[in-house]
Number of protein chains: 2
Amino acid sequence: MKDLPVGIFDSGVGGLTVVKEVLKLMPFEDVVYLGDTARVPYGIRSKETVTRYAIENTEFLLSIGIKMIIIACNTVSAVAIEEVSSRVDIPVVGVIKPGALAALRVTRNHRIGVIGTETTINSSTYQRELKKLDPDIEVFVKACPLFVPLVEEGLTGGEIAELVVRYYLDEMKDNGIDTLVLGCTHYPLLKAVIRDVVGPEVVLIDSAVETAEAARDILKEIDLLRQTNPSPSRRFFVTDSPERFRSVGERFLGQSLDMVEKVQIPLRNPVSQKL
Amino acid sequence: MKDLPVGIFDSGVGGLTVVKEVLKLMPFEDVVYLGDTARVPYGIRSKETVTRYAIENTEFLLSIGIKMIIIACNTVSAVAIEEVSSRVDIPVVGVIKPGALAALRVTRNHRIGVIGTETTINSSTYQRELKKLDPDIEVFVKACPLFVPLVEEGLTGGEIAELVVRYYLDEMKDNGIDTLVLGCTHYPLLKAVIRDVVGPEVVLIDSAVETAEAARDILKEIDLLRQTNPSPSRRFFVTDSPERFRSVGERFLGQSLDMVEKVQIPLRNPVSQKL
């Protein structure tokens, strides 16, 4: 069991920011990543559709054999993590709880902003999670549907990026928040512009690091963390052709993406009867 | 056969601009529309994935029973129309050829611009189609990946829309074109801003009208055009939840969308052995 890889999935390339931190914190783990690029983006889809896609992605990772699932996607973590958890016997880690915990550690004035996709924000998951951990917190949310296409187009700076960030976040500044959760794995690439708009006094929370830490702590606790591995493997799967994933993904991962394989999801013959 | 509906599909809401023209030109036809909203957008996906989706959508329309397929999506028309045509026994009409013919009728200086999604532009289908019809034509193309998210966000005017349109189309103006094909069904909603940027002397081609005319001409020719129908039916199907489709779609159709049903695609038990 210990020698099985850690499975990570996302709707596309965004989850590679989480992979990057996982590789840093758990260098001896084998990692299998799935980016569902044939059906990206998830953030504009209904809860039911996102849940179905999440279950199908989980089914694929289980067919490879994994010891843990990291859901490296805020939208899936917001609407489908319980459904995924209830269907598997291995630990499932999402990005929302680690991000919420980090925001609570950082805030001084108890006013936290959260930005994300339409589906993430409409689900109210961040709001619920933050309030559950600290009922006195005030949460201000905003869906920013143009951020993902902007980042995918490479427009992470310049006049257009600035104007779009202002369009969504000017009101956030007026709310007097001191902490802003970047509730979508694409958003850290807009960090510089976001900081310019909300001001340097607002701390930006990028949940990739916290998520990787949470995953490592769980593996350690259940004694499944590997301490040695002469040649750790990293396999990347996508559901659309690998070219686009490779070129956009390298900006997210911060290193080159060599082995990218294409798979068709949903699987025709699911291995697990539970799913 | 004559009494069967006309089937129309698109990746999402955009094809409703074609439905609008079909309803005007062929008021006695029953119409079945499918928007593949669970997998939209197609314009960032590979040819193989778009082709697979197109075949699965066709399979669904065939399972309803139709006499013609209108592919109301530039991306599918660009990369998958031959694959779809080769698999069915009914006429298939795409949006590219009608748009190209309209552009050739209009141009005076034989310099035509074409804008569309990444997949449409990279396929070179418009370029080939135009050159085939008139080898002397000069074609200038540009993919505009941010236009679709901009329209879906409702930002069809104002500073951001202007800046984004300028970002993509400033070079088009320098090319001295006198005709610009809006090679994506979302783009007509940006018509006013596009006209401001490229100037009033450039004619904008919206292929919805031409496509509906081509479809009507074919039905007339093979004697399948209905001349009467006491209560023509319009059925709309989507693959994600109907709410978002309904609210965004009404802007495209120009009238209210009452009957929208959700279906799961791919079908579990395809009816046709050919597909």
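Residue positions within a chain follow its written sequence, with the count starting from 1. Just so you know, chain letters begin at A and ligand numbers begin at 1, following the order they were written in. Restriction of local features to residues with pLDDT of at least 70 applies here, the model being predicted, together with a cutoff of 80 or more for giving and counting side-chain atom pairs; totals for whole chains, interfaces and linings are based on all residues.

### Topic: the overall build of chain A
Convention followed: Secondary structure counts use DSSP, requiring at least four H or I residues in a row for a helix and at least two E residues in a row for a strand, with both numbered from the N terminus. For the exposure call, what matters is how many other C-beta atoms sit within 10 Å of a residue's own: 20 or more marks it buried, 12 or fewer exposed, and in between partly exposed, using C-beta atoms placed from the backbone. Any residue pair is listed as a contact if its two C-beta atoms, each placed from the backbone, are within 7 Å.
In terms of regular secondary structure, chain A is built from twelve helices and ten strands. Taken along the three principal axes of its C-alpha coordinates, chain A extends 50 × 40 × 40 Å. Burial statistics for chain A: of 275 residues in total, 51% are counted as buried. A sequence separation of at least 24 residues applies to 78% of the contacts in chain A between residues at least 6 apart.

### Some thoughts on the packing of helix 1 (residues 16-25) of chain A against helix 12 (residues 242-253) of chain A
All names here are of chain A. This is how it is decided: Every axis corresponds to a line fitted to the C-alpha atoms, with the helix fit spanning only the stretch in contact, and the corresponding angles, defined between N-to-C directions, vary from 0 to 180 degrees. Oblique is the label for any angle not under 35 degrees, not over 145, and not in the 65 to 115 range, which are roughly parallel, roughly antiparallel and roughly perpendicular in turn. Note: crossing handedness is left-handed where the near helix turns anticlockwise from the far helix by less than a right angle, and right-handed where it turns clockwise.
It is the contact of helix 1 with helix 12, at a shortest axis distance of 8 Å, that shows an interaxial angle of 50°. If you check the angle between helix 1 and helix 12, you find them oblique. At the point where helix 1 passes helix 12, the crossing takes the right-handed sense. On helix 12, the residues that touch Leu-16, Thr-17, Val-19 and Lys-20 of helix 1 are Gly-249, Phe-252 and Leu-253.

### Brief notes about the interface of chain A and chain B
Inclusion rule: All residues other than Ala, Val, Leu, Ile, Met, Phe, Trp, Tyr, Cys, Pro, Asp, Glu, Lys and Arg, Gly among them, are scored as polar; the first ten of these are nonpolar and the last four charged.
Taken together, the contact pairs 17 residues of chain A with 17 residues of chain B. Looking at the side of chain A that touches chain B, the elements with two or more residues in it are helix 2 (47-64) and helix 9 (158-174) of chain A. No other element matches the five residues that helix 9 of chain A contributes to the side of chain A that touches chain B. Counted by class, the side of chain A that touches chain B contains eight nonpolar, three polar and six charged residues.

### Quick notes on the sheet that holds strand 9 (residues 234-238) of chain B
All names here are of chain B. Stated formally: Any two strands are treated as partners once DSSP identifies two or more bridges connecting them.
If you trace the six strands from one edge of the open sheet to the other, you get 4-3-1-2-9-10, paired in parallel fashion. Of all the strands in the sheet, the pair left with one neighbour each is strand 4 (92-93) and strand 10 (260-262). In this sheet, strand 10 lies alongside strand 9 in parallel orientation, the contact comprising three bridges. Bridging from a neighbouring strand, Phe-236 pairs with Val-260 of strand 10.

### A closer look at the relation of the copies chain A and chain B
Both copies of the chain are tied together by a single rotation about an axis and a shift running along it. Our working rule: Copy-to-copy superposition: least squares on the C-alpha atoms, limited to residues that have pLDDT of at least 70 in both copies.
Once chain A has been moved 0.0 Å along the axis and rotated by 180°, it coincides with chain B to within an RMSD of 0.0 Å. One copy is carried onto the other by what is essentially a two-fold rotation axis. Residue Arg39(A), judged by its C-alpha, is the member of chain A lying nearest the rotation axis, at 2.5 Å. Take the interface residues of chain A: 100% of them recur as interface residues in chain B, which is what a same-surface contact looks like.

### Examining helix 5 (residues 96-106) of chain A
Taken residue by residue, helix 5 of chain A has Ile96(A), Lys97(A), Pro98(A), Gly99(A), Ala100(A), Ala102(A) and Ala103(A) as its buried positions. On its buried face, helix 5 of chain A is in contact with helix 3 (74-79), strand 5 (111-116), helix 7 (125-133), strand 7 (179-183), strand 8 (203-205) and helix 11 (207-221) of chain A.

### Quick notes on unusual backbone geometry
A cis geometry characterises the amide bond from Ile265(A) onward to Pro266(A), with omega recorded as 5°. In this fold, Pro266(A) is placed in the segment after strand 10 (260-262). Note the cis peptide between Val40(B) and Pro41(B), where omega equals -5°. Look at Ser124(A): it is not a glycine, yet its phi comes out positive at around 60°.

### A word on helix 9 (residues 158-174) of chain B
This is how the line gets drawn: One less than the number of residues in a helix, times 1.5 Å, gives the span that helix is expected to have. Two axes define the bend at a residue: one fitted to the seven residues ending there, one fitted to the seven starting there, and the bend is the angle between them.
The first and last C-alpha atoms of helix 9 of chain B sit 23 Å apart over 17 residues, in line with the 24 Å expected at 1.5 Å per residue. Of all bends in helix 9 of chain B, the biggest is about 50°, found at Tyr168(B). All of the buried residues in helix 9 of chain B are Ala161(B), Val164(B), Val165(B), Leu169(B) and Met172(B). Here the buried face of helix 9 of chain B lies against helix 9 of chain A together with strand 5 (111-116), strand 6 (138-143), helix 8 (147-152), strand 7 (179-183) and helix 10 (191-198) of chain B.

### With respect to the sheet that holds strand 8 (residues 203-205) of chain B
Residues and elements named next belong to chain B. Strands sit in the order 6-5-7-8 across an open sheet of four strands; the sheet is parallel. Both edges of this open sheet fall to strand 6 and strand 8, since each of them pairs with a single strand only. The mean inter-strand angle of the sheet, taken between neighbouring strand axes irrespective of direction, is 20°. Relative to strand 6, strand 5 is paired through six bridges, and the arrangement is parallel.

### Things to note about the environment of Val209(B)
All names here are of chain B. Residue position: Val-209 is located in helix 11 (residues 207-221). Taking the number of C-beta atoms within 10 Å as the measure of exposure, Val-209 has 19 and is therefore partly exposed. Distance in space between the C-alpha atoms of Val-209 and Gly-99 is 8.9 Å, their sequence separation being 110 residues.

### Describing the domain arrangement of chain A
All names here are of chain A. Formally: Where each domain begins and ends follows an automated or database-derived domain assignment.
Domains assigned within chain A are domain 1 (6-94 + 209-262) and domain 2 (96-207). Computed over C-alpha atoms, the centres of domain 1 and domain 2 are 22 Å apart. Facing 25 residues of domain 1, the contacting portion of domain 2 comprises 23 residues. Counting residues per element, the ones that place at least two in the side of domain 1 that touches domain 2 are helix 1, helix 2, helix 3 and helix 11. With five residues, the top contributor of residues to the side of domain 1 that touches domain 2 is helix 3. Of the residues contributing to the side of domain 1 that touches domain 2, the split by class is twelve nonpolar, nine polar and four charged.

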